[in-house]
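Here are the chains, one letter per residue:
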Amino acid sequence: MITKKDVEHVALLSRLELTGPEKDMYTRQLNDILEHFQFLARLDTENVQPTAHVLPLQNVFREDWAGLHISREDALANCPDQEENYFKVPKIV
Amino acid sequence: MQFTLRTAHEMHDQLIKKEISAEELNKTVFARIDAVDDQIGAYITRTRENALAQARAVDRQIRNGEKISPLSGIPIAIKDNICTDGIRTTAGSKILSNFIPPYSATVVKRLEAAGSTIAGKANLDEFAMGSSNENSAFLVTRNPWDTSRVPGGSSGGSAAAVAAGAAVCALGSDTGGSIRQPASFCGVVGMKPTYGAVSRYGLIAYASSLDQIGPFTRDVTDCALMLNAICGHDPLDSTSAKYQAVDYTGFLKDDVRGMKLGVPEEYMAEGIDPAVRGVVLKAMEKLESLGAVVEYTTLPHTEYALPTYYLIAQAEASSNLARYDGVRYGIRAKGSEDVIDMFMKTRSQGFGHEVKRRIMLGTYALSTGYYDAHYLKALKVRTLIKEDFDRAFKKYDLLLSPVSPTTAFRIGEKIDNPLQMYLSDICTISVNLAGIPGLSIPCGFAGGLPVGLQLMGRHFDEGTMFRAAYTFEQNTDYHKQFPEL
């Protein structure tokens, strides 16, 4: 059972600011969804290995060569605020 | 001029016989877009001038007697979560409403290298999260067969464009059915290739262990041509597989004699609309009459696929979408006191309801105290689902099923009930969990709306799927029926 307090906590972890009606809506909907998902717990998975990824790929390496890169100008072109070739953000502390 | 829907291979024949120029061909498609897209809403951005310039380059090649590739001069719609250098790419989200990528996805580069023209960027559910295209921040896409109905999603714009003749082929992405379900709803061919077969460099990530790019086309031959153009290893995508690419057109043979086709009984059970089941059964009988051996089989963990999929996909999404913070690209909320406040306001204003819901579900499933019960549990059940397929493919060459439990539903019908919306993916999500290829082909109509047949194959065995699908197509005419617009 997810409470409104849980929703507030998860929203903070997700860096989302919710309005009062949104908190109520998500509490109800997340409860509906997770309640429907409950039956997963019935399945015995004691001796089953998890699958995070279906391909037999591990540690894909390549040579460390200098290739063509996006220019600084292009990399900053979509930036909402910048100063002297840096991304600029509001105060942190 | 009377508009006729043609396939890419038919257009290619006209181009090399010089019956039409690539520029004229592109102008015809753009005239069609002008005529129908107000009704359909397939495109977020149209790129007419770029397409015509590319088409003129193809015409010069033809005039100079150069050999052109099968997709040269063919107008293709690109789902708007696939980056295009210098062309706005929004992922259907307000948060990226001003984003102009400084590079193109590998699939776009490969299509451009093949001479294809980019007709525009197709509408989608925000960040590919949805089954109806109603979650787009920009516009509602309508089903060309009935404009009161959804085209499916999340690649609904791509499917609707091809069905309406507003593009000849299209690219979409499929995380839980987002190519196959809209292909089924719109009566076109749609393929999710094997995980790792097509580079995802430049695809805006949703759930990285499930996402795959694939084509929409009007027939199976075009689908093989599109896969030929986009598949193969890419050093820029570390999850792209190193496998020997083949010419998929070599599998287009009208012959399924002796082919063993399994029908998982869980996919034909209650929950599937009886009219849809009837159409799909008839299609299976057709393949049987053409010489295939069709038998019922079982994938016993099917009922667990939906929660497994949603927990894994949303956990991955919550991590992938953490990058949208208003720092490097996209919109930034104004009037923030400090950087955390800026993140919170930007994300709250930039994301729509479904995206917020999924980020929170994923964050919850990964959070302290819930990780083992939700996320880890889902990864273990994923193993069981994958093993179901491994067992079935020891006996069968392909598995067959409906693509979606219903035909296209009405706009607004499911938007307030997320769980009902999620259930429309029950026949497609297991394919992504197992990483195998899935194909939707038109197999008939129920109540005047298209129904898709799903073919599921072994890893990297798209060829067998093409052969069965081509045989079905050669002996039916569903792919030749078009919506009246």
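Relevant structure appears above.
Residues numbered from 1 in each chain as written. Chains lettered and ligands numbered in written order. Predicted model: local features only at pLDDT ≥ 70, side-chain atom pairs only at ≥ 80, totals over all residues.

Chemist: Tell me what's going on with the overall build of chain B, and back it up with residues and numbers.
Modeler: Secondary structure assignment for chain B yields 15 helices and 11 strands. Counting only C-alpha atoms and orienting by the principal axes, one finds that chain B spans roughly 65 × 50 × 45 Å. Every one of the 485 residues in chain B was classed for burial, and the buried ones make up 62%. (Helix = DSSP H or I, 4+ residues; strand = E, 2+ residues; numbered from the N terminus. Buried ≥ 20, exposed ≤ 12 C-beta atoms within 10 Å, placed from the backbone.)

Chemist: How would you sum up helix α12 (residues 372–395) of chain B? Please name residues and give values.
Modeler: Residues and elements named next belong to chain B. Under the 1.5 Å per step criterion, the end-to-end length of α12 is 34 Å for 24 residues, consistent within 8% with the ideal 34 Å. Taken together, the buried positions of α12 are occupied by H374, Y375, K377, A378, L379, V381, R382, T383, I385, D388, F389 and F393. Among the structural elements, α9 (305–320), α11 (353–366) and α14 (429–434) are those in contact with the buried residues of α12. (Expected span 1.5 Å × (residues − 1). Contact = placed C-beta atoms within 7 Å.)

Chemist: I'd like a rundown of helix α7 (residues 220–230) of chain B, residues and numbers included.
Modeler: Residue and element names in this part refer to chain B. Counting buried positions along α7 yields 11 of 11 residues, so the element is predominantly enclosed. Of all the positions in α7, only V220, T221, D222, C223, A224, L225, M226, L227, N228, A229 and I230 are classed as buried. Backbone geometry just downstream of α7 places G232 in the positive-phi region, at approximately 115°.

Chemist: Break down the sheet that holds strand β7 (residues 260–264) of chain B for me, with residues and values.
Modeler: All names here are of chain B. Taken in spatial order, the 11 strands of this open sheet run β1-β3-β2-β4-β6-β5-β10-β11-β9-β7-β8, and their pairing is mixed. The sheet is open, and its two borders are formed by β1 (43–46) and β8 (293–297), each paired with just one other strand. Put simply, the sheet's adjacent strands are angled 30° from each other on average, direction ignored. By the bridge criterion, 8 bridges tie strand β10 (residues 438–446) to strand β11 (residues 449–457) in an arrangement that is antiparallel. Considered in β11, the bridge of F445 is made with P450. (Pairing = 2+ DSSP bridges. Axes fitted to C-alpha atoms, helices over the stretch in contact; angles between N-to-C directions.)

Chemist: Break down the packing of helix α1 (residues 4–13) of chain A against helix α2 (residues 20–37) of chain A for me, with residues and values.
Modeler: Residue and element names in this part refer to chain A. Direction vectors running N to C along α1 and α2 enclose 105°, while the axes themselves pass 9 Å from each other. The orientation of α1 with respect to α2, classified from their angle, is roughly perpendicular. Two secondary-structure elements touch here, α1 through K4, V7 and E8 and α2 through K23, Y26, T27 and L30. Among the residues forming the contact of α1 with α2, the class breakdown is 3 nonpolar, 1 polar and 3 charged. (Parallel < 35°, antiparallel > 145°, perpendicular 65-115°, else oblique. Nonpolar A, V, L, I, M, F, W, Y, C, P; charged D, E, K, R; others polar.)

Chemist: Tell me what's going on with the nonpolar core, and back it up with residues and numbers.
Modeler: Judged by nonpolar contacts, the single largest core of 165 residues is most densely connected at B:I76, B:A161, B:A167, B:C169, B:A170 and B:A469. Not counting residues within four places of it along the chain, the set of residues in contact with B:A167 comprises B:V29, B:P75, B:I76, B:A77, B:A119, B:A161 and B:V162. (Core = buried A, V, L, I, M, F, W, Y, C linked by C-beta atoms within 7 Å.)

Chemist: Residue-level account of the interface of chain A and chain B, with values.
Modeler: Listed by partner, the interface residues are 41 residues for chain A and 51 residues for chain B. The residue inventory of the side of chain A that touches chain B, partitioned by class, reads 26 nonpolar, 8 polar and 7 charged.

Chemist: I'd love a proper account of the packing of helix α2 (residues 22–40) of chain B against helix α3 (residues 48–63) of chain B, names of residues and values included.
Modeler: Residue and element names in this part refer to chain B. It is at 7 Å that the axes of α2 and α3 come closest, and there the two elements cross at 155°. In terms of orientation, α2 and α3 fall into the roughly antiparallel class. For the crossing formed where α2 meets α3, the hand is right-handed. Contacts from A22, E23, N26 and F30 in α2 reach R48, A51, L52, A55, R56, V58 and D59 in α3. Residues of the contact of α2 with α3, tallied by class, amount to 6 nonpolar, 1 polar and 4 charged. (Left-handed = near helix turned anticlockwise from the far one by under 90°.)

Chemist: Report on the pairing of β8(B), specifying residues and quantitative values.
Modeler: All names here are of chain B. Here 5 bridges tie β7 to β8, and the two strands are oriented parallel to one another. By the bridge assignment for β8, G262 is matched with E295. Handedness of the crossover joining β7 and β8 through helix α8 (residues 274–289): right-handed. (Right-handed = clockwise from strand over helix to strand, strands pointing away.)

Chemist: Describe in detail unusual backbone geometry, supporting the description with residues and values.
Modeler: Residues and elements named next belong to chain B. Geometrically, the link from G153 to S154 is a cis peptide bond, its omega value of 10° lying close to zero. Residues other than glycine seldom take positive phi values, yet K18 does so here, at roughly 60°. With respect to the helices, strands and loops of the structure, K18 is situated in the loop between α1 (8–16) and α2. Taking the C-beta count within 10 Å as the criterion, K18 has 10 such neighbours and is therefore assigned exposed. Even without a glycine there, the phi angle at A128 is positive, about 65°. Among the structural elements, A128 can be located in the loop between β3 (117–122) and α5 (156–164).

Honestly, it's all geometry; don't read function into it.
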